[in-house]
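Listed here are the chains, written in short residue letters.
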Amino acid sequence: MLTKIQSFLPEGHLWQNQIIWYDEITSTNDVAKDLIHQGAPHGTVLIADRQSGGRGRMGRSFVSPAGQGVYMSVILRFPNTPEQLMHLTCAAAVAACDAVEAVTGLRPGIKWTNDLVYGGRKLAGILTELVIAPTQTAAVIGIGINCAQAQADFPEDIRSFAGSLSMVCGKSTDRARLAAALIEAFSKMAQSIGEKQAILDTYRRDCVTVGKAVSVVRGDTLRHGTAVGIDDEGALLVEFSDGCKEAVNAGEVSVRGMYGYCP
Ligand code: BTN
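These notes cover the structure that comes with them. Predicted model only: the values in this text are computed from it and were never measured.

Bringing helix α6 (residues 196-206) into the picture now. Every buried residue of α6 is accounted for by Ile199, Leu200, Tyr203 and Asp206. Along the long axis of α6, the arc covered by the buried residues comes to 125 degrees, so they all point the same way. Buried-residue contacts for α6 involve α3 (88-104), β4 (109-111) and β9 (221-230).

Taken together, the neighbourhood of the ligand is formed by 18 residues, with Ser27, Gln51, Arg55, Arg57 and Lys122 sitting nearest. Between the ligand and the protein, one listed contact pairs an oxygen atom with a side-chain N or O atom of Ser27 at 2.7 Å. The separation between an oxygen atom of the ligand and a polar side-chain atom of Lys122 is 2.5 Å. Protein coverage of the free-state accessible area of the ligand, which is 410 Å², stands at 97%. At the level of secondary structure, the elements contributing two or more residues to the shell around the ligand comprise α2 (28-37), β3 (69-78), β6 (121-132) and β7 (137-146). With four residues, β6 is the single largest residue contributor to the shell around the ligand. Looking at the shell around the ligand, its residues break down into five nonpolar, ten polar and three charged.

Its place among the elements puts Thr128 in strand β6. Dropping the residues within four chain positions of it, Thr128 is found in contact with Leu88, Thr89, Asn114, Val140 and Ile141.

Let's shift gears to the packing of aromatic side chains. Under the definition given, this model contains one aromatic pair. For the ring pair Phe62 and Tyr71, a centre distance of 6.5 Å and an interplane angle of 70 degrees mean the geometry is edge-to-face. The class for Phe62 is buried, based on a relative accessible area of 15%. In this arrangement the basic side chain of Arg223 is found over the ring face of Phe240, its NZ or CZ atom lying 3.8 Å from the centre.

Okay, the environment of Gly225 next. With respect to the helices, strands and loops of the structure, Gly225 is situated in strand β9. Sequence separation of Gly225 and Phe240 is 15 residues, and the distance between their C-alpha atoms is 3.9 Å. If we skip the residues at most four places from it in the chain, Gly225 touches Lys212, Ala213, Val214, Val238, Glu239, Phe240 and Ser241.

Parameters and conventions
Residues numbered from 1 in each chain as written. Predicted model: local features only at pLDDT ≥ 70, side-chain atom pairs only at ≥ 80, totals over all residues. Heavy atoms only, no water. Buried < 20%, exposed > 50% of the residue type's maximum accessible area, 1.4 Å probe, protein only. Helix = DSSP H or I, 4+ residues; strand = E, 2+ residues; numbered from the N terminus. Arc of directions from axis to C-beta. Contact = heavy atoms within 4.5 Å. Near = heavy atom within 4 Å. Polar contact = N/O pair within 3.5 Å; in protein donor to acceptor, adjacent residues only side chain to side chain. Areas by Shrake-Rupley, 256 points an atom, 1.4 Å probe, with all protein chains shown as cover. Nonpolar A, V, L, I, M, F, W, Y, C, P; charged D, E, K, R; others polar. Phe/Tyr/Trp six-rings, centres within 6.5 Å; stacked < 30°, edge-to-face > 60°. Lys NZ or Arg CZ within 6 Å of the ring centre and 35° of its normal.

In structure tokens form, the structure reads like this:
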């Protein structure tokens, strides 16, 4: 599989010899964070056929069965502070859409903050984690894309909103080709991370959450409103039913109840 992924990359791609393939792993994000501490370079890519402990946002698990998806983490090192990288999560989602579109011809939407969705179904999730040091910020961009599952293959608790590329495209997707497209898209994204406004423009165009009714859960409080925009840090602007408008940050809250899909 590793050789196949490498063969789909453009000749001489800088990350070509930095890809690590695992038949099985706990979580590519967890191992990537260990590798950051051991000095792994920018552009190290971990890909697994199966994860036994795949993780999602807000402490959720990410079901990662063998042969069915692409489970990948990329290590990026930036000379920037975390505050200068607030749009990294948006940039990762846009890059992932580019890769899926390049391989399947279908461009997913983005459910804020960074789920890839199509036809009301979640095709992919992204988990971005930072490791902060005095002179640089290292990031792990972890992405899981459901490729081959039929609806019945998903666990019952996520079956009503989970989807796969084969469900929405009507044909199978070559996982090695998709992995290579992701590597290309993430490497371009890392190079152009300074182009914040262009990244946010594309993110706003692809984001399907804006204009939708949302419920924001913060601790024990549940408030209802409408998503009205994305600010320059990637936060969701929500106008609540009491007329207050607030910027809602990823990680701080869970946003529920859009287009019948309720993660
Ligand atoms: C989410 O849906 O909340 C994010 C899911 C992220 C899953 C990917 S799969 C590869 C990487 N390793 C993990 O443990 N998580 C991410």
